[in-house]
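Structural description and commentary
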Amino acid sequence: MTFQRACGLSELEEDTPKRVELDGTPVSLVRTEGEVFAINDICSHANVSLSEGEVDDCHIECWLHGSRFDLRSGKPDSLPATRPVPVYPVKIEGDDVLVSLSQES
Ligand code: FES
């Protein structure tokens, strides 16, 4: 598994998603509940950016139609989205947030 630096940990505000591009893949980084999660930034229902949505209870909510995706699994827990969004492993090293795109789930 290859990890690459996505951003600095201090750049992430609690419950405020940050969009980054890694190898051309849009990724939303979310710091919440003492952890950092990386989820593909494109909603599985339509082509909108999840990082513009709200974070609550380890979920990110799509701002357009309101589907909520679990940051741990990428699975939606409400309609209209039915397909999961890829999530990526995250490692913290010092102030660096590292993400691996190679193992999507
Ligand atoms: S575009 Fe995200 S739920 Fe419809």
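Refer to the structure printed above.
Report on the accompanying structure. (Residues numbered from 1 in each chain as written. Predicted model: local features only at pLDDT ≥ 70, side-chain atom pairs only at ≥ 80, totals over all residues. Heavy atoms only, no water.)

**Overview of the sheet that holds strand S8 (residues 87-88)**
Note the following rule: Note on pairing: two strands pair once DSSP finds at least 2 bridges between them. Numbering of helices and strands starts at the N terminus; helices are DSSP runs of H or I of at least 4 residues and strands are runs of E of at least 2.
One open sheet accounts for four strands, arranged S2-S3-S4-S8; its pairing is antiparallel. Edge positions in the sheet fall to strand S2 (18-22) and S8, since each has one partner strand and no second. With five bridges joining them, S2 and strand S3 (residues 25-32) adopt antiparallel strand pairing. When the bridges of S3 are listed, lysine 18 appears paired with leucine 29.

**Notes on the pattern of salt bridges**
Heads up, the condition is: Salt bridges are defined as contacts in which a side-chain nitrogen from Lys or Arg sits within 4 Å of a carboxyl oxygen from Asp or Glu. Buried residues are those whose accessible area, probed at 1.4 Å on protein chains only, stays under 20% of the maximum for their type, while exposed residues exceed 50% and partly exposed ones sit between those limits.
Evaluated as defined, the whole model comprises seven salt bridges. The closest approach of N and O atoms between arginine 19 and glutamate 21, which form a salt bridge, is 3.4 Å. For arginine 19, a relative accessible area of 39% corresponds to the partly exposed category. Of the charged contacts, one joins arginine 19 and aspartate 41 as a salt bridge, the two residues approaching to 2.7 Å between their closest N and O atoms. Linking arginine 19 in strand S2 with aspartate 41 in the loop between strand S4 (35-40) and strand S5 (54-56), this pair joins segments that are 22 residues apart in sequence. One network of salt bridges, with partners in common, ties together Arg19, Glu21 and Asp41.

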